[in-house]
Each structure stands twice: as structure tokens, then as C-alpha cells.
Amino acid sequence: MPVTVKNISLWRKEVENEVGMLARTLEPVTKAGANLRVLMGIDIRAMKLGLRFETLSGRGKKVAAAASAAGLATSSIPTLLVEGDDKRGLGLAIGEAIAGAGVNMTFFVHR
């Protein structure tokens, strides 16, 4: 599989850090047909904002409506999704390509 790069939008919500909040929020989005390919949770209690999580979901009006109804909003942070077969040096190659394009990153996840 070749490496692909796509501009994507993440959906974001800040919530109180309590058991089951993630599942309750994602349930209607998933039932609407979202394919949750990226899911990040960040504990930002030190900033007294609770828990923030972000998800990349499927496109479409039904999914967007469900996400909005669940309190998720599209993040304003520019985001790229880079996918390809896992192989030695892939992270370095991605980093070099991003640097070569003149992009300054503030957050990077490699899975």
C-alpha cells in the first residue's frame, strides 16, 4: 500500500472526566455510520477544562448531524491523515516529507 496523505477534519468535544462519557458521546455517531479511524483523548484537568477527545469520523450528512447532536464540533486545527504499510523507517520518512514541505507540527501521532 502506498503512503497516502489527506486533509481531514477532526471532531472535538470537551467534557467532564467521568466514566462512560466517551461511550455515550460516540454511540450516536457510530450508529449513524461513522468509521472512527482516529480517536484521541487528552486529560486537560490541569487547565481545569475536563477531558477533551477528538475523532475522525466518516463523512456524510447523517454522521455530521449525529456528531453535532452529540456535542461534537469540527476542530479548527489543520490536520493531515497519513496512511501506509508499516515498515522500518516510515515515521522518519513521514517526518522528512512534512519538513520538506515546510510544515511546522505541534502534535504528531504514529500508530
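Up top is the structure.
Below or above, wherever it landed, is the structure these notes cover. Within any chain, residue numbers begin from 1 and follow the written order of that chain's sequence. This being a predicted model, a pLDDT of at least 70 is required before a residue's local features are given, and a value of 80 or more before pairs of side-chain atoms are given or counted; all residues contribute to the totals for chains, interfaces and linings. Side-chain measures were taken over the full set of non-hydrogen atoms in the model, leaving aside hydrogen atoms and water.

Every buried residue belonging to helix α3 (residues 90–100) is among Leu90, Ile94 and Ile98, and all of these are buried. Buried residues of α3, viewed axially, fall in a sector of 70°; they line one side. Away from the buried face of α3 by more than 90 degrees, exposed residues Leu92, Glu96, Ala99 and Gly100 are located. Throughout, a contact is declared for two residues whenever any of their heavy atoms are within 4.5 Å. In DSSP terms, a helix is any run of H or I states spanning at least four residues, a strand is any run of E spanning at least two, and both are numbered starting from the N terminus. Where α3 is buried, its residues contact β6 (79–83). Immediately downstream of α3, the backbone of glycine 102 shows phi near 80°, a positive value. Only protein chains enter the accessibility calculation, which uses a 1.4 Å probe; a residue whose area is less than 20% of its type maximum is buried, one above 50% is exposed, and one in between is partly exposed. Directions drawn from the helix axis to the C-beta atoms are what define this arc.

Any Lys or Arg side-chain nitrogen found within 4 Å of a carboxyl oxygen on Asp or Glu counts as a salt bridge. For the structure on display, the rule yields two salt bridges. Salt-bridge contacts for arginine 24 lead to glutamate 18; the nearest nitrogen and oxygen are separated by 2.8 Å. Note on arginine 24: relative accessible area 45%, which makes it partly exposed.

Residues that lie three or four places apart on an α-helix share one face, since the helix turns once every 3.6 residues. Inspection of helix α2 (residues 61–69) places Val63, Ala66 and Ala67 among the buried residues, and these make up the whole buried set. The buried residues of α2 occupy an angular sector of 100° when projected down its axis, which confines them to one face. Facing away from the buried side of α2, by more than 90 degrees, are the exposed residues Lys61 and Ala69. Its buried side turned inward, α2 meets β2 (11–15) and α1 (21–31). At the exit of α2 stands glycine 71, carrying a positive phi of roughly 90°.

Here we take up the side chain of lysine 13. Relative to the assigned elements, lysine 13 resides in strand β2. A polar contact of 3.5 Å, which involves the side chain of lysine 13, links it to the side chain of threonine 25. Distance and chemistry together define a polar contact, namely a pair of N or O atoms within 3.5 Å, with one atom able to donate a hydrogen and the other to accept it when in protein, and with adjacent residues in sequence counting only for side-chain atoms on both sides. Polar contacts involving the side chain of lysine 13 include one to the main-chain carbonyl oxygen of alanine 70, which spans 2.8 Å.

Once that is clear, we can look at a nonpolar patch on the surface. Side chains of Val3, Val5 and Leu80 sit close together on the surface and give an oily, nonpolar patch of about 260 Å² of accessible area. Relative to the elements of secondary structure, valine 3 occurs in the segment before β1 (4–8). Like-charged residues within 9 Å of one another, or nonpolar side chains (Val, Leu, Ile, Met, Phe, Trp, Tyr) within 5 Å, are grouped into patches, provided each residue has over 30% relative accessible area and no salt bridge. What sets the accessible areas is the Shrake-Rupley method with a 1.4 Å probe; for residues, cover comes only from the shown protein chains.

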